[in-house]
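Reading the structure
Each chain is listed here by its residues.
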Amino acid sequence: MKIAQIAPLAESCPPRLYGGTERIVSYLTDELVRQGHEVTLFASADSKTRAELIPCCDIALRLNPAVRDPLPYHMLMLEQVRRRAEEFDVLHFHIDFMHYPLAAAFGDRMVTTLHGRLDLPDLPPFYSVFPHYPLVSISDDQRRPLPKVNWVGTVHHGLPEDLLPFSPDPKDGYLAFLGRISPEKRPDRAIEIAARAGMKLKMAAKIDKADQAYWDTTIGPMVASHPNVEFVGEISEHDKPEFLGNARALLFPIDWPEPFGLVMIEAIACGTPVIAFRNGSVPEVIEDGVTGFIVRDLDEAVAAARRVHRLDRAEVRATFEERFTAERMAQDYLAIYRDLPGLRRAAMRLPAEIVSDIDLRALA
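Residues numbered from 1 in each chain as written. Predicted model: local features only at pLDDT ≥ 70, side-chain atom pairs only at ≥ 80, totals over all residues. Heavy atoms only, no water.

1. Regarding the sheet that holds strand β10 (residues 229-231)
The strand order across the open sheet built from six strands is β10-β9-β8-β11-β12-β13, with neighbouring strands paired in parallel fashion. Only two strands of the sheet have a single partner each, and these edge strands are β10 and β13 (292-295). Ignoring strand direction, the axes of neighbouring strands in this sheet form an average angle of 20°. Here three bridges tie strand β11 (residues 247-252) to strand β12 (residues 274-277), and the two strands are oriented parallel to one another. Directly across from Leu250, in β12, lies its bridge partner Val274. (Pairing = 2+ DSSP bridges. Helix = DSSP H or I, 4+ residues; strand = E, 2+ residues; numbered from the N terminus. Axes fitted to C-alpha atoms, helices over the stretch in contact; angles between N-to-C directions.)

2. Focus on the confidence of the model for the chain
When pLDDT is averaged across the chain, the result is 93; 94% of the residues are at 70 or more. When the criterion is pLDDT under 50, residues 355-364 qualifies, and its contacts beyond four places in sequence or with other chains add up to 18 contacts. (pLDDT = per-residue confidence, 0-100. Contact = heavy atoms within 4.5 Å.)

3. Things to note about the nonpolar core
Val274 and Tyr337 are the most contacted members of the largest nonpolar core, which totals 59 residues. Here Val274 is in contact with Leu250, Phe252, Met264, Ala267, Ile268, Ile286, Thr291, Gly292 and Phe293, once residues within four sequence places are set aside. Grouped together as the second largest cluster of nonpolar side chains are 30 residues, Ile6, Phe42, Ala85 and Leu135 included. (Core = buried A, V, L, I, M, F, W, Y, C linked by side-chain atoms within 4.5 Å. Buried < 20%, exposed > 50% of the residue type's maximum accessible area, 1.4 Å probe, protein only.)

4. Describing the packing of aromatic side chains
Counted under the stated rule, the structure contains 15 aromatic pairs. Between Tyr100 and Phe130, the ring centres sit 5.3 Å apart and the planes meet at 75°, which makes this aromatic pair edge-to-face. Taken as a pair, Tyr100 in the loop between β4 (90-93) and β5 (110-113) and Phe130 in the loop between α3 (123-129) and β6 (134-137) lie far apart in primary sequence, 30 residues in all. Residue Phe130 is classed as partly exposed on the basis of its relative accessible area of 22%. Ring plane angle 80° and centroid distance 5.1 Å describe the contact between Tyr100 and Tyr133, whose orientation is recorded as edge-to-face. Linking Tyr100 in the loop between β4 and β5 with Tyr133 in the loop between α3 and β6, this pair joins segments that are 33 residues apart in sequence. Judged by relative accessible area, which is 2%, Tyr100 ranks as buried. (Phe/Tyr/Trp six-rings, centres within 6.5 Å; stacked < 30°, edge-to-face > 60°.)

If you want it as structure tokens, here you go:
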């Protein structure tokens, strides 16, 4: 199957530092190539991929200080997609709705994964004009604000099975916070949980310009006043196995409708349980009492931190291997691709052994 993956340009695929969507696009792309598909990735030129790379900007936009407006670069990328669209059996977009004005030409073999929050007032009017284009959610909970669009599936994220090694015996036994310093991620809760539980907390997080004031006025002073808290800043993919693997638990104290929460499955890939507040996708990802604890308030979170060592880290890792691998993610997407109406025409150009895998009656 000839598949185009169209990624955001804010980060490379995969990102060098923080970044969720581009990381998933990278894992999906490489897994599809591994499974024998012909994949083309539209992304920043500093991306690393097993697919054919179509560079759409010199470096990831977030890391380029010369970039003031990301929109022109995405428009240039979409022009490249438009010119090459007929080469592909499937076009898979990960850039929200920027491609919709072009979609009439290939909408029957296009799918869009929405990676962000959808409870925003501007979105229902937009999707009411484009209700028919197929959409994929990354959790069932993410769908709730937009019930009347053409959802064709939910695909939970997945990671390469060998990306993060299993850590059966964490060395330091600290609590970990990994992600972004922002009000909805509630790093203040993480600090309070660790302080009340009498445990060390390590925080590996980036601070966006939009959240600098929140750090300066709220989180920075909290870190400074709590000797049990160590702020290590933004870490790379290379540092992640040690940071997560040596943690007693990951704290995920969110206060917003998290669409998925990639860091949760990164933790459980290491065998590290997750203590997460019941918001957004959390009940779909974490199995309470198996891969961590789902809590409703600070008191429950503190109690969970004190007993999280009782969970079987081998069982946490086994759950990852069963539910959250890149192989499973790619298989879920392939099933969605094969159900796209336009694939009937594309299937006529595929090798016989692939065509035999497709139930054309299901595509009628």
